[in-house]
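Residue strings, one per chain:
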Amino acid sequence: MNLYSKTTFLILLLSALAAQAQIGITADKSKHQSFANTPYNVSPIHLPVSLAGGFAEIRPNHFHSGLDLRTNGKEGERIYAPADGYVSRINISAWGGGKVLYITHQDGYRTVYMHLSAFCGKIGEFVHNYQYSNHIYAFDVELPKDSIRVSKGQLVALSGNTGGSSGPHLHYEVRYAKNDQTINPLYFGIPYSDPVVPTIAGIKIYPADPSTSINGKNKELKLYPANKGKSSTGVSDTTVVAGRFYCGIYTYDQMEVGARNKNGVDCIELRVDGELVHRYTVPSFMFEETRIVNALIDYPQYQRTREYYILSRHLRGDRNNFNTTFRTQTADNGYIEFNDSKVHKLEYRISDHKNNATTHTLFVRSDTTALLANAKANDGSLTPNGEPITYYKRFAMQKEGFCVEIEPYTIYESDLLTYSRIKSEGNITPTHRIGLKKHQLPPHQAFNVTVDIPAGMNESLIEKLTIVCINGKSVSALSSTLNKGKLTAPTRSFGGFALCLDTIAPTIKAVNFANRKAFKGKFLTVKIADNLTGVVSYSCYINGEWQLAEHDGKTATLNVSSETLRRGNNRVTFRLEDAVGNTTEETWTIIKN
């Protein structure tokens, strides 16, 4: 099979798998083995494959977009290109992926490597030259095609622990180059061992309406594990339900018994009386879809305990194409309702990528006479103390000194947007608080808030204003834009919004050196901080010459190589600036013997 035929076959195969998911057919895992014919069936590090994180695992506000490959707890493991290609992008940041390398390959795929400690060969030379010629550490640049070619098996980088990484490892992705859609790398046949079946850690049943009764109450019920370690395994343990309900399951996979990591599973299926009503699997996704995780899980439970119960119900504003909910005689978008007085069998089947599977069966007895009395209708429960907002329509609300604009499909269900205006200590304006009355989920995408600047304010102070988002004790500055006496900022959360003045400059504190003292270390390290808007630029000069300062977001430090220190006295200066232009500068005299 030539390269063109191979690529065409893979694209057709993925399309077929996606189509199967849409019509409710469980994809045959053996078909995935065809991906093993590609160059991506090997690990980019020459170590036994051990997964610290799997593809599409639930993370805060996003899916995990690749595989986390262990590197024996060490940095500096060699990373090799799996196929011929060219370096198409390099991104260096104090957060996120840290030092990131993108390689685009000839067959329409792109591989991505994150949390690196260093780039090798011509790639490393390009990074060094770019940073020193532009006097920056962090940058994100796309390279012209074929400007830096790489060959299959070529050493391209060293693994590390940069960015938001919580320990040394390599984050590895395979994407479609045309649109950056990320794909589960395990579909390509990377060899690894996983003899352990997935674990079911919890199953819940939830009321869908105020009138729904679950064992006589309109509250969620945990069915498994049951109280005192007893599970629901027979009709004698049957839960009595009246009205619409839906289910949720907390499940994870481990590569070996007792493993520390709780990786995500490949597929969740829920059957009611033998009929498939819900199937959950994420073979690939677009990055603009990733916040949909908040609508797929029991979000309040996840916020409390980090246990992600994946729900069978499908919200109308959820437009993803990988989480398929089936409409049958007993289910509608994952909401289940029985119109009889019979006992019904609910069965979960969970499988990992190796097709290790586990199942659990529950029983529910329908009792249509047990509907809760005096309950309000589902939509009627929204009392008129807010503005109606429809999930598929644009929404705008103007209040005194405040405006909010929300695009279609920002929220997942129609609701009421509540508003209140309260006094705000320490801020320039009152706090304008907005939120959804019924569905307590964060928005799927950013929306804009605008706050008026008080009349007559000094022009020099206006430059120091920012919009802050207030949620409880958390106060965060938003990236604000000034326009005609107002500040506008995008936000990804509901809460309180006010104008705040930031006139305090960032701070710099020496960590491992002191003024007029001898220094023998490899790096000069300073701790940096800012009270509100955050440090946006930083620089270091040794004896008047610019030096590369590596920013580590996890430790809030800047690290500068001491190689350029000369014998005797050295003048070392650090400069910082925050997002509203407050600057600070500190200078030390460092002695090198």
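Keep in mind the model is a prediction, meaning the values are calculated, not measured.

## As for the sheet that holds strand E32 (residues 431-436)
Inference 1: Pairing is antiparallel across the open sheet formed by six strands, whose spatial order is E28-E31-E32-E38-E34-E35. The outermost strands of the open sheet, each flanked by one partner alone, are strand E28 (387-389) and strand E35 (474-477). Strand after strand, the sheet turns through a mean of 30° between neighbouring axes, direction not considered.
Inference 2: Across six bridges, the pairing between strand E34 (residues 465-471) and strand E38 (residues 495-501) is antiparallel. The residue of E38 that forms the bridge with Ile470 is Gly496.

## Things to note about the nonpolar core
Inference 1: Among the nonpolar cores identified, the biggest contains 108 residues, and Phe63, Ile90, Leu101, Ile123, Val156, Phe245 and Phe574 are the most heavily contacted of them.
Inference 2: At six residues, strand E18 (residues 245-252) tops the list of elements feeding residues into this core.
Inference 3: With sequence-adjacent residues up to four places away left out, Phe574 is seen in contact with Ile508, Phe513, Val526, Ser539, Cys540, Leu558, Val560, Thr584, Glu585, Glu586 and Trp588.
Inference 4: Tyr391, Phe402, Val451 and Phe497 belong to the second-largest nonpolar core, a separate cluster that totals 26 residues.

## As for the packing of aromatic side chains
Here the distance between the centres and the angle between the planes together describe a pair of aromatic rings.
Inference 1: For the structure on display, the rule yields 24 aromatic pairs.
Inference 2: Summarising the aromatic geometry, the rings of Tyr391 and Tyr409 are spaced 5.8 Å apart at their centres and angled 75° between planes, so their arrangement reads as edge-to-face. Taken together, the residues span a long stretch of sequence, with Tyr391 in the loop between E28 and strand E29 (395-399) and Tyr409 in the loop between strand E30 (402-406) and strand E31 (415-422) at a distance of 18 residues.
Inference 3: Assessed through its relative accessible area of 12%, Tyr391 is described here as buried.
Inference 4: For Tyr409, a relative accessible area of 21% translates into the label partly exposed.
Inference 5: Members of the aromatic cluster, each reached through a chain of ring pairs, are Tyr40, Tyr109, Tyr176 and Phe188.
Inference 6: Sitting over the face of the ring of Tyr309, Lys204 holds its NZ or CZ atom 4.7 Å from the ring centroid.

## Overview of the pattern of salt bridges
Inference 1: Counting across every chain of the model gives 19 salt bridges.
Inference 2: Between Lys74 and Glu77 there is a salt bridge, with the nearest N and O atoms lying 4.0 Å from each other.
Inference 3: Judged by relative accessible area, Lys74 falls into the partly exposed class, the value being 46%.
Inference 4: In this structure, the salt-bridge partner of Asp452 is Lys486, at a minimum N-O distance of 2.8 Å.

## Looking at the environment of Glu347
Inference 1: Summarising the element assignment, Glu347 is placed in strand E26 (residues 343-351).
Inference 2: In sequence terms Glu347 and Thr361 are 14 residues apart; their C-alpha atoms lie 4.4 Å from each other.
Inference 3: Ignoring anything within four residues of it in the chain, the contact list for Glu347 reads Glu269, Leu270, Arg271, Thr359, His360 and Thr361.

Cut-offs and rules
Residues numbered from 1 in each chain as written. Predicted model: local features only at pLDDT ≥ 70, side-chain atom pairs only at ≥ 80, totals over all residues. Heavy atoms only, no water. Pairing = 2+ DSSP bridges. Helix = DSSP H or I, 4+ residues; strand = E, 2+ residues; numbered from the N terminus. Axes fitted to C-alpha atoms, helices over the stretch in contact; angles between N-to-C directions. Core = buried A, V, L, I, M, F, W, Y, C linked by side-chain atoms within 4.5 Å. Buried < 20%, exposed > 50% of the residue type's maximum accessible area, 1.4 Å probe, protein only. Contact = heavy atoms within 4.5 Å. Phe/Tyr/Trp six-rings, centres within 6.5 Å; stacked < 30°, edge-to-face > 60°. Lys NZ or Arg CZ within 6 Å of the ring centre and 35° of its normal. Salt bridge = Lys/Arg side-chain N within 4 Å of Asp/Glu carboxyl O.

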